[in-house]
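Now for the letters of each chain:
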Amino acid sequence: MALITLPRSHFYSSGLQTCRILACLRKYLSPYNKKGRKITCHRCFSLQLEQFRDYFHHACYRKYHSEKGSKLHPVGGSVLFQTAAWDRFEQNNSHVDDHRFYKDLNTFTSSEQVLKFVSTLETLSDTMAAAALYRVSEVEREEGDQKIPKTVLESEVFRALCFQFEYESTNLSDTSLVTALQALMELHVEPQSNLLVNLVTECQNRLQQGHLTIHNLCILGKCMIELQNSNCAMLKEIILQLQGKKLQECTPEEMVAIYTLLQAAFGETVQHQDFLDQLNNLCISLVYKFSPKITSQILNALVVLNQTRAFPLVVKLCIHSIRFVSHFTSEELGKVLEGFIHFGYTDKFFTQALEQRVSTCSLTMHPESISKVMQYCNKKLILSKPIFDAVAESFVYQAETFSPVQVSHLIVTFGKLNYVPPNAAFFFRKLENTIRTRFKYFPPQTLLNLLHSCTLIGRHPVNYVAKLFSPYFLQKLQAQELDLNRSSLAQLTQIYLTVVLECPFYKGPKLLPQYQVKSFLIPPYLLESPVDLQFYKTVTVGLIDLLKAKIYFASKVSTPYCYTVDIEIKVDEEGFVLPFTSDEDVYKRLALCLDDQKRFCLNSHHLLGKEAIKQRHLQLLGYEVIQIPYHEVEILQSRRELVKYLKKKLFPHSYRFH
C-alpha cells in the first residue's frame, strides 16, 4: 500500500523519484540553511513544478485562468504544504488510527475542513487519501456545485493529493484507485487530463487481471458509464466478471452495488434479464438483513429496471420496509413510495405507519416527500384523514416551499378522493394566494389538473376560469401536449358545466364549442366510471322482478350534458312509471347510480370526487338521483330481499304502472 507522508512542510513517497528530490531540497530551501550550498537540483525541481502546473492547467484550471498570454493562478513555489498542527503529533507516530480518521472525516461539512484536516496528518495511506478526496466530492455535491470550487483548486493539499494519485497509480490499492477515480469524476475533473487518463488506464489493467472485488467493479462500472457510455467495452467486461462471481455469497452492500450499477447502465432497457432474475431470486433470502437505505435503493432499482417479474421480491421488500417508515430519510421514503406506486402494492400496516409519521412530522418533512405520500394515496385511492389533515396543515404553514407540480399533487389527491380538510378556509385561501403569486410558473396541464380538482370538491376557481377559457391558455395547453387530448378537453368541459350549473353569477368568457366533448365516459375514465357489468346484471334482475318488464327502464343513457346515467326510469305527474321509449308526460326522471367498489375510496364507503360531482350535477339538471351502492346490495340474501330493497329505494311510498 502506498503512503502519502506529510512531514512539516512537504509530502513524500518512497516510490516517487520527484518527491525524493523535493525531500532532498528541503534543507536547501530552508531559510535557516547556514552553509549557503548551491541548489544543484534547481533545474530538475523547476521542470517538475512546471509539469505540475501544466497538469493542473489542463485538468482543473480550464475555467479559472485568464485568456492566453495572461498569468495563471499561482500554484505556489513548490508542491509543498504547511502543517500548522505538526507539533501535536509524536515523532514516533507514523500512522493514523483508521477508525478515528474515518470518524473525523465524516464530521466535516466543507471541503476546506477536509483539506485542512488532511494537512495536519503526519502520514496518510492511499486508502485514506482516496477517502479524503471522496469526502471533498461529497460535500461539494451536497452544495450543488457543478465544478471544482476555486478554493479547492488553489489548495496545495488537494493538488498534492492529485499529483500523488497521478504518478503513483500503479502502486495504489484497488479500492484507493477506483475511489479516487470516482471522487475526481464527481468533482468534474477534465476527462482528458493526464490524471484521469492514468487512473483509467490503471483501472483497465486491474480489470484485465480479473481480481477486482464486486464493490470495486461496481464503482468502476459507474465511472465508465459517466466517462464513456453504457455500451463501452470496459462496462461489458465488468458485467461479465460480475456474472462470474459467487453471488450467493454476496453481502447486502454488494447486492445493492450491483443493482445500482445495472440501474445506471440500462434503466428500463431490458438487458441481462437472466442475470437480473438470478439477482432477484438470491436477494429474497437477504431481505431481512437490509438496512433502510439498502431497502430503498434496491426497491428504486427494481422500479427503474421495471422488474415486474420480481414481484415476490417486491412484496418482501415492501413488507420489510414497514418497520423502517419512521427511520427512512425523506429521500429514502420517496423511493419506497415510488416502489409501492409502480408495482401497485399496498399494505394497511404500511399505511398506518405512514399515518403516524406524517401526522407527527408533516411540518418538518420535505415537500417532495409530502408530495410522494399524496401520490401514493392518490394511486391506491387511500383516504387517510390523519395524513390529509396533516398535509393540509403543512401546506398552510409552508406553502412557499412547494413547487407548482408538488402543489398540484396535493390538490389533485384531495379532489380525486373527495376530501375537504377541517382547515378548508385557511387551506384554500393559501392555495389561491399561491396560484395568484406564482401563476406564470404553473405548467398549463398542471394548472388545469389543479383547478379541475378544486371543482370536484365544490371549491370553484371562478377567478381563474376566464384565463382557462382564453385562447392564449388553450394555445399553451395545446403546445404542451402537441395536440389537445380528450381528457384535457373533458376537464375543460366539466369546469365549464360546473360554472354554468353552480356559479350562475359568472359572466366571463365561455368555452368555445370546439373545445367541448359530448361525453365524459371516455377512456381512461378520469371523469366518469363505467358501470360494473356484474353489479349491473344483479340490479337489473331485481328491477325486472319489481317493474314486471324491462321496458320500464333504460340502461346507460347518454344525456345532453355529457354524463351517462346507469339506469333511468321515467315517471309522470301522477306517479305512473312510463316506458323508457315515452317522451311525453314525463314529470320526473330517476337516475340510478350503480356504485360498485371502484367508485369508492379503498376500504371505504366514501365516494370518489368524480362520482360525487356527477351526482351533484345530475340533481342540478333535474334528475332525482338514487344511489345503489354495492355494500348495501351484497348483504342481501335472496332476490326477494333485492326486490324489496329496490322498491324501498325507488318508491318509498307507492308506485303504479301505465
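Because the structure is predicted, anything quoted here is derived from the model rather than measured.

(A) Focus on the pattern of salt bridges. Inspection of every chain in the model, using the stated rule, returns 19 salt bridges. Close ionic contact of Lys614 with Glu528 constitutes a salt bridge, the shortest N to O distance being 2.8 Å. Taken as a pair, Lys614 in helix H27 (residues 609-620) and Glu528 in the loop between helix H25 (486-502) and helix H26 (533-547) lie far apart in primary sequence, 86 residues in all. Residue Lys588 pairs with Glu624 through a salt bridge whose shortest N-O separation is 3.1 Å. Here the residue Lys588 occupies a position in strand S6 (residues 588-595), and Glu624 occupies one in strand S7 (residues 623-629), the gap between them amounting to 36 residues. By relative accessible area, Lys588 is classed as partly exposed at 31%.

(B) Structural view of the environment of Leu590. Relative to the elements of secondary structure, Leu590 occurs in strand S6. For Leu590, a relative accessible area of 1% gives the class buried. Here Leu590 is in contact with Ile567, Glu568, Ile569, Val571, Glu624, Ile626, Leu650 and Phe651, once residues within four sequence places are set aside.

(C) Structural detail: the packing of aromatic side chains. Evaluation of the coordinates by the stated rule reveals 20 aromatic pairs. A centroid spacing of 5.2 Å and a plane angle of 80 degrees characterise the contact between Phe101 and Tyr102, whose relative ring orientation is edge-to-face. By relative accessible area, Tyr102 is classed as partly exposed at 29%. A centroid spacing of 5.7 Å and a plane angle of 50 degrees characterise the contact between Phe340 and Tyr345, whose relative ring orientation is tilted. Exposure class is identical for Phe340 and Tyr345. Each is buried. Counting every residue linked through ring pairs, the aromatic cluster contains Phe388, Phe395, Phe402, Phe414, Tyr419, Phe427 and Phe428. Across from the ring centre of Phe439, 4.4 Å away, lies the NZ or CZ of Lys467, which sits over that ring. Note that Lys556 overlies the ring of Tyr536, its terminal NZ or CZ placed 5.7 Å from the centroid.

(D) Representation of the pairing of strand S4 (residues 564-571) in the model. Burial runs high along S4: 8 of the 8 residues are buried. What sits between strand S3 (residues 554-558) and S4 in their antiparallel hairpin is a turn of 5 residues, with Cys562 showing a positive phi close to 80 degrees. Here S4 pairs with S6 via 5 bridges, running antiparallel. Residue pairing across strands places Ile569 opposite Leu590, the latter belonging to S6. Bridge count between S4 and strand S5 (residues 576-578): 2 bridges; the pairing is antiparallel. Note on S5: the bridge partner recorded for Lys570 is Leu578. Connecting S4 to the antiparallel partner S5 that follows it, the hairpin turn spans 4 residues, and Gly575 within it adopts a positive phi of roughly 95 degrees.

(E) The pairing of S7, seen in detail. For S7, a buried count of 5 out of 7 residues is recorded, marking the element as mostly surrounded by other parts of the structure. Alignment of S6 against S7, held across 7 bridges, turns out to be parallel. Of the residues in S7, the one forming a bridge with Asp595 is Pro629. On the question of chirality, the crossover connecting S6 to the parallel S7 by way of H27 is right-handed.

(F) Region of interest: the state of the cysteines. In total, this model carries 0 disulfides according to the counting rule given. Left unpaired, Cys218 is separated from the closest cysteine sulfur, that of Cys250, by 8.6 Å.

(G) How the structure looks around the nonpolar core. With 172 residues, the main nonpolar core has Leu181, Leu242, Ile258, Tyr259 and Leu354 as its most contacted residues. Leu242 has contacts with Ile214, Leu217, Cys218, Leu247, Ile258, Leu261 and Phe275, leaving out every residue within four places of it along the chain. Residues Phe553, Leu646, Leu650 and Phe651 belong to the second largest nonpolar core, which totals 28 residues.

(H) Quick look at H25. Spanning 17 residues, H25 covers 23 Å between terminal C-alpha atoms, matching the ideal 24 Å at 1.5 Å per step. Counting buried positions along H25 gives 14 out of 17 residues, so the element sits mostly inside the fold. Measuring from the side-chain oxygen of the N-cap residue of H25 to the backbone nitrogen of Ser487 gives 3.1 Å; that N-cap residue is Asn485.

(I) Structural view of the packing of helix H16 (residues 330-343) against helix H18 (residues 367-380). The contact between H16 and H18 brings their axes to 9 Å, and the two run at 15 degrees. When the axis of H16 is compared with that of H18, the two are roughly parallel. Taken as a pair, H16 and H18 cross one another with a handedness that is left-handed. On the side of H16, the interface is formed by Ser330, Gly334, Leu337, Glu338, Phe340 and Ile341, while H18 contributes Ser369, Lys372, Val373, Gln375, Tyr376 and Lys379.

(J) Up close: the confidence of the model for the chain. When pLDDT is averaged along the chain, the result is 84, and 83% of the positions lie at 70 or above. Counted against residues more than four places away or in other chains, residues 1-95, with its pLDDT under 50, gives 166 contacts.

(K) Inspection of the environment of Thr109 at higher detail. Counting through the fold element by element, Thr109 comes out in the loop between helix H3 (98-105) and helix H4 (111-119). Relative accessible area serves as the criterion here: at 55%, Thr109 is assigned to the exposed category. Counting along the chain gives 27 residues from Thr109 to Val136, while the straight-line C-alpha distance between them is 8.9 Å. Contacts of Thr109, omitting those with residues within four sequence positions, involve Val139 and Glu143.

Rules used throughout
Residues numbered from 1 in each chain as written. Predicted model: local features only at pLDDT ≥ 70, side-chain atom pairs only at ≥ 80, totals over all residues. Heavy atoms only, no water. Salt bridge = Lys/Arg side-chain N within 4 Å of Asp/Glu carboxyl O. Helix = DSSP H or I, 4+ residues; strand = E, 2+ residues; numbered from the N terminus. Buried < 20%, exposed > 50% of the residue type's maximum accessible area, 1.4 Å probe, protein only. Contact = heavy atoms within 4.5 Å. Phe/Tyr/Trp six-rings, centres within 6.5 Å; stacked < 30°, edge-to-face > 60°. Lys NZ or Arg CZ within 6 Å of the ring centre and 35° of its normal. Pairing = 2+ DSSP bridges. Right-handed = clockwise from strand over helix to strand, strands pointing away. Disulfide = S-S within 2.5 Å. Core = buried A, V, L, I, M, F, W, Y, C linked by side-chain atoms within 4.5 Å. Expected span 1.5 Å × (residues − 1). Polar contact = N/O pair within 3.5 Å; in protein donor to acceptor, adjacent residues only side chain to side chain. Axes fitted to C-alpha atoms, helices over the stretch in contact; angles between N-to-C directions. Parallel < 35°, antiparallel > 145°, perpendicular 65-115°, else oblique. Left-handed = near helix turned anticlockwise from the far one by under 90°. pLDDT = per-residue confidence, 0-100.

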